[in-house]
Amino acid sequence: MALGDARAPRWWRVPALMAFLGWLFLGAAYYFYIPIFHTIWLFAWLLIGLGWLSAGVWTFTAVISYVSIRAYVRAWVTLTLAVTVGAVLWTTDWPITSVKSMLWLRGEAFAEVASAYERGRPLVVPAWMRSLTVSGEIQAQENGLYFPVFVDQWRAETGAGFAYIPGLAHPHQLFRTAAGDLGAPAHDLGDGWWWVE
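Values in this document were obtained by computation on a predicted structure and should not be read as measured data. (Residues numbered from 1 in each chain as written. Predicted model: local features only at pLDDT ≥ 70, side-chain atom pairs only at ≥ 80, totals over all residues. Heavy atoms only, no water.)

J.: Sorry if this is basic, but what is going on with the side chain of Q173 here?
T.: With respect to the secondary-structure elements, Q173 resides in the loop between β3 (159–164) and β4 (175–178). Judged by relative accessible area, Q173 falls into the buried class, the value being 9%. The contact partners of Q173, leaving out residues within four places of it in the chain, are N143, I165, L168, G183, A184 and P185. (Helix = DSSP H or I, 4+ residues; strand = E, 2+ residues; numbered from the N terminus. Buried < 20%, exposed > 50% of the residue type's maximum accessible area, 1.4 Å probe, protein only. Contact = heavy atoms within 4.5 Å.)

J.: What exactly am I supposed to notice about the environment of L47 here?
T.: Summarising the element assignment, L47 is placed in helix α3 (residues 44–68). Here the alpha-carbon distance between L47 and L26, two residues 21 residues apart in the chain, equals 8.5 Å. In contact with L47, other than residues within four places in its own chain, are F25 and I36.

J.: Even after reading the chapter, I still don't get the nonpolar core, so can you show me in this structure?
T.: Here is a general trend for soluble globular proteins: nonpolar side chains tend to be buried in one another's company. Of all hydrophobic cores here, the largest spans 37 residues; its most connected members are F110, F147, F162, L189, W193 and W195. The contacts of W193, once residues within four sequence positions are left out, are L103, F110, A114, F147, F162, A163, Y164, H187 and D188. (Core = buried A, V, L, I, M, F, W, Y, C linked by side-chain atoms within 4.5 Å.)

J.: Quick question: what am I supposed to make of the sheet that holds β3 here?
T.: Across a sheet, strands are paired by hydrogen bonds formed along the backbone, either parallel or antiparallel in direction. If you walk across this open sheet you meet the 5 strands as β1-β2-β3-β7-β6, and the pairing is antiparallel. The sheet is open, and its two edges are formed by β1 (139–141) and β6 (185–190), each paired on a single side. Across the sheet, the mean angle separating the axes of adjacent strands is 30 degrees when strand polarity is ignored. Contacts between helix α5 (residues 94–105) and the sheet are confined to β2 (144–151), β3, β6 and β7 (193–196), with β6 contributing the most and set at about 35 degrees to the helix. (Pairing = 2+ DSSP bridges. Axes fitted to C-alpha atoms, helices over the stretch in contact; angles between N-to-C directions.)

J.: Please explain the pairing of β7 as it appears in this structure.
T.: Regular strands place side chains that alternate from one sheet face to the opposite one. Pairing geometry for β3 and β7, over 4 bridges, is antiparallel. Its bridge partner being in β7, A163 is matched across the sheet by W194. In this sheet, β7 lies alongside β6 in antiparallel orientation, the contact comprising 4 bridges. In the strand pairing of β7, P185 is matched with V196. Once β6 ends, the chain turns through 2 residues before running back antiparallel as β7, passing D191 with a positive phi of about 55 degrees.

J.: Can you help me understand the layout of surface pockets in this one?
T.: Think of a ball as big as a water molecule: rolled over the atoms, this probe shows where empty space is left. Of the volumes computed, that of the largest pocket is approximately 240 Å³. Taken together, A16, A19, F20, W23, L24, T59, Y66, T78, L81, A82 and V85 form the lining of the largest pocket. Those elements giving two or more residues to the lining of the largest pocket turn out to be α1 (13–31), α3 and α4 (72–91). Looking at the lining of the largest pocket, its residues break down into 9 nonpolar, 2 polar and no charged. Considered as a void within the structure, the second largest pocket measures approximately 160 Å³ in volume. Contributing to the lining of the second largest pocket are K100, L103, W104, G107, F110, A111, A114, Y164, L189, G190, D191 and W193. Within the residue set of the lining of the second largest pocket, elements represented by two or more residues are α5, α6 (107–119) and β6. Residue contributions to the lining of the second largest pocket peak at 4 residues, all from α6. Each residue belonging to the lining of the second largest pocket can be placed in one class, and the counts come to 8 nonpolar, 2 polar and 2 charged. (1 Å grid on protein atoms, 1.4 Å probe; cavity = no way out; pocket = protein on both sides within 12 Å on 5 of 7 lines; lining within 4 Å. Points joined across faces, edges and corners; volume = space filled by probe spheres on them. Nonpolar A, V, L, I, M, F, W, Y, C, P; charged D, E, K, R; others polar.)

J.: I'm lost on the confidence of the model for the protein chain in this one. Help?
T.: Detailed reading of the predicted model is not advised wherever pLDDT is low. Of all residues in the protein chain, 92% attain a pLDDT of 70 or more, and the chain-wide mean is 84. Of all the helices and strands in the protein chain, helix α2 (residues 33–40) carries the lowest mean pLDDT, 81, while α4 carries the highest, 94. Across residues 1–9 the pLDDT falls below 50, and counting only partners more than four positions away or on other chains, this stretch makes 7 contacts in the model. (pLDDT = per-residue confidence, 0-100.)

J.: Can you help me understand the side chain of T133 in this one?
T.: Here T133 lies in the loop between α7 (127–130) and β1. Reaching out from T133, the side chain makes a polar contact with the backbone oxygen of R130 at a distance of 2.8 Å. Once residues lying within four places of it in the same chain are set aside, the contact partners of T133 are H38, I138, F147 and P148. (Polar contact = N/O pair within 3.5 Å; in protein donor to acceptor, adjacent residues only side chain to side chain.)

This is how it looks when you write it as structure tokens:
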């Protein structure tokens, strides 16, 4: 059977599909890193490593498959896409990106929590929002409403998270990010929300 024959086996499509699924899995693991870390923190990096291994092996297999059937353009495109996607995944600050996208997707819920904090009303925080924090804990501190995302599990000496800061934020507004650490606003997430580290 010739390669162009409609009845010819399409075995060379399987590695490309598996490579796509590997990159998709890796992107999802990075995007959902915060809830994954809070659920199985010990294995979060193992899961990401598995994603890199799967995406890399299947991409290599797809490129070799395309080369073996002399589809050089497809091999080049596959390799270029993989390198580009890999570079984007590697260089993105995923915790900040995840929180920022949540603020964009569910801005109304975050605005309601911020409004309740500003007016001194009881904070009603949805369960999905609590999943972004360590132990589902939200802290009303002197300078704003703080959501602890990461805390050193062993000694609680370092921490990072995000906060709602009413008014204008400045680098001297400190938040208690862990028992032995203070953090300041580092990245503007929009609408009064800041990444604190």
